[in-house]
Structures are given as C-alpha cells and as structure tokens.
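# A look at the structure
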Amino acid sequence: MAVMADVETEPFGRPFTVDDLESTPDDGHRYELLDGALLVTPAPGWGHQDAGARLWQALEGARPADMRVVVAPFAVRFSKMVEFQPDVIVARFTDLTPKNLPTAPLLAVEIRSPSTALIDLNLKMAAYQRHGIPAYWIIDPDPDKPSVVAFELGPDGYAEVAQAVGDAEFVVDKPFPIRLRPADLLIGLRP
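## Overview of the environment of Asp156
Position of Asp156 among the secondary structure elements: in the loop between β11 (147-154) and β12 (157-165). On the accessibility criterion, Asp156 (79% relative accessible area) is exposed. Sequence spacing of Asp156 and Gln129 is 27 residues, and the spatial spacing of their C-alpha atoms is 9.9 Å.

The following block contains the structure:
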C-alpha cells in the first residue's frame, strides 16, 4: 500500500526535501516527493518489472537518436520539494544528468499496481500536468485485460488521446510514433 507521509507529523518538523531522500534506506521501497510530502510505495513485483522491461524494449526500438528511454529507479527532479521516479521515462539526451532528470521528461509512464492505482490516476497525474510533462501513459498489467491509456497535455490539461486493451493496437505520435499491443507487454506473465 502506498503511504503519503503527513508532513506536519514527521519528525523533521518541516516538509521533506530531495536532500532528505539521500538518507532514506535502501530497503526496496520507492521514495518520492510531492510538494514536500513523502510518498512511499513497496517494491514492484516481477510482473510489473517485466512489463516495464518490455515497454522499454518497444520504446528503445522506436526512439530517435536524440532521445533516451530510462526505467526506474531514476529521479525526475522538478524542485527541492518534488521528485518522482516514473516507471519509464523518455527524455532528450541533452536534458539528462548522470544522477537525474532536472526537467520534465517528454513522456512519463506509470505501471499500475493495486497499491499505486489512485496515486497514478490522481496525485501523480495532477503533478505531472502541473510540471508540464507533455505525454503521460498509464499501463494496467492485468493479465486478463492489459491496457495502455495515453494522455497528452493541452491548454486545458491532460486529455486522453489513445487507449488499447489486450491485443488491440495502441498507436501514438508523441513523444515519437510508436505502435504496440498491451498483451505484448505481458508475454512473460503468461505460461
């Protein structure tokens, strides 16, 4: 289950910062910051990781030379009070540092799990919109009904631009043209 720490009850007596993240334990949890509040989620299972690896492979095979595809854990740092680790990002090569991405990626992807579904659809989506991430995808790795939903940032916020379930084809042009089938992301989850 994802936990959002209440900043006012934390022992620090102040909002968390990215400097505080440097001292978090290496215990398999994912630690992220949203406006100084600590988001803690459990380590993802192998199915989640497998779907992320297959997505990386699909994106990597289609990306232009000036872009890179990076998988978590890798920090997207918007400020001293906001740092996320999307499951997969696409960024311009020139924007990346060895340690993090200090600007909005071109694409952020979250792979849903029961413990993160509401955070991905609400808190993270709102934060990604506020910080100007042009494209946001949510993948549901349900073995019976895998899906991918794409949102693109417009003048009124995120709008859904593509969706595919199972063997249907998912087609988008941003951050670059790509076609994939949600079921292909789960090949390793089926006997």
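## Considering the pairing of β11
Consecutive side chains along a regular strand alternate between the two faces of the sheet. Within β11, 6 of the 8 residues are buried, which leaves the element mostly enclosed by the surrounding structure. Here 6 bridges tie strand β10 (residues 135-140) to β11, and the two strands are oriented antiparallel to one another. Directly across from Ala135, in β11, lies its bridge partner Glu152. Strand direction decides the pairing type here: β11 and β12, joined by 8 bridges, are antiparallel. Each bridged residue has a counterpart across the sheet, and for Glu152 the counterpart in β12 is Ala159. Between β11 and β12, which pair antiparallel in sequence order, lie 2 residues.

## A short note on the nonpolar core
One finds Leu55, Leu59, Trp137, Phe170 and Leu180 to be the most contacted residues of the largest nonpolar core, which totals 25 residues. Counting 22 residues, the second largest nonpolar core, distinct from the first, contains Val82, Phe84, Met125 and Tyr158.

## Comments concerning the sheet that holds strand β9 (residues 107-111)
Pairing in this open sheet of 6 strands is mixed, and the strands run β4-β7-β9-β10-β11-β12 from one edge to the other. The open sheet is flanked by β4 (67-71) and β12, the only strands paired with a single partner. The mean inter-strand angle of the sheet, taken between neighbouring strand axes irrespective of direction, is 20 degrees. Its contacts with the sheet put helix α2 (residues 46-62) on β4, β7 (88-92), β9 and β10, and the angle it makes with β4 is roughly 175 degrees.

## What to know about α2
Between the first and last C-alpha of α2 there are 24 Å, a value that for 17 residues agrees with the 24 Å anticipated at 1.5 Å per step. Considered for burial, the residues of α2 that qualify are Gly47, His48, Asp50, Ala51, Gly52, Leu55 and Leu59. Packing partners of the buried residues in α2 comprise β4, β7, β9, β10 and β14 (178-180).

## Focus: the environment of Asp167
Following the sequence through the fold, Asp167 ends up in the loop between β12 and β13 (170-172). Residue Asp167 is classed as exposed on the basis of its relative accessible area of 53%. Setting aside residues no more than four positions away along its own chain, Asp167 makes contact with Arg181 and Ala183. Engagement of the side chain of Asp167 in a polar contact is seen with the side chain of Arg181, the distance being 3.0 Å.

Calculation rules
- Residue positions are counted from 1 within each chain, in the order its sequence is given.
- Selection of residues for local features in this predicted model requires a pLDDT of at least 70, selection of side-chain atom pairs for listing and counting requires 80 or more, and totals for whole chains, interfaces and linings are taken over all residues.
- Heavy atoms throughout the structure, all of them, feed into the side-chain values; hydrogens and water do not.
- Runs of E in the DSSP output that reach at least two residues are strands. Runs of H or I that reach at least four are helices, and both are numbered from the N terminus.
- Exposure classes here rest on a 1.4 Å probe applied to the protein chains alone. A residue is buried below 20% of its type maximum, exposed above 50%, and partly exposed in between.
- Strands qualify as paired when DSSP identifies two bridges or more between them.
- To qualify as a nonpolar core, a set must consist of buried Ala, Val, Leu, Ile, Met, Phe, Trp, Tyr and Cys residues joined through side-chain atoms within 4.5 Å.
- Here the axes come from fitting lines to C-alpha atoms, over the contacting stretch only for helices, and the angles between their N-to-C directions go from 0 to 180 degrees.
- Contacts between residues were defined by any pair of non-hydrogen atoms, one from each residue, lying within 4.5 Å.
- A helix is expected to span 1.5 Å multiplied by its residue count minus one.
- Each polar contact in these results corresponds to two N or O atoms within 3.5 Å; when the atoms are within protein, one needs to be able to donate a hydrogen and the other to accept it, and residues that are neighboring in sequence are counted only if both atoms are side-chain atoms.

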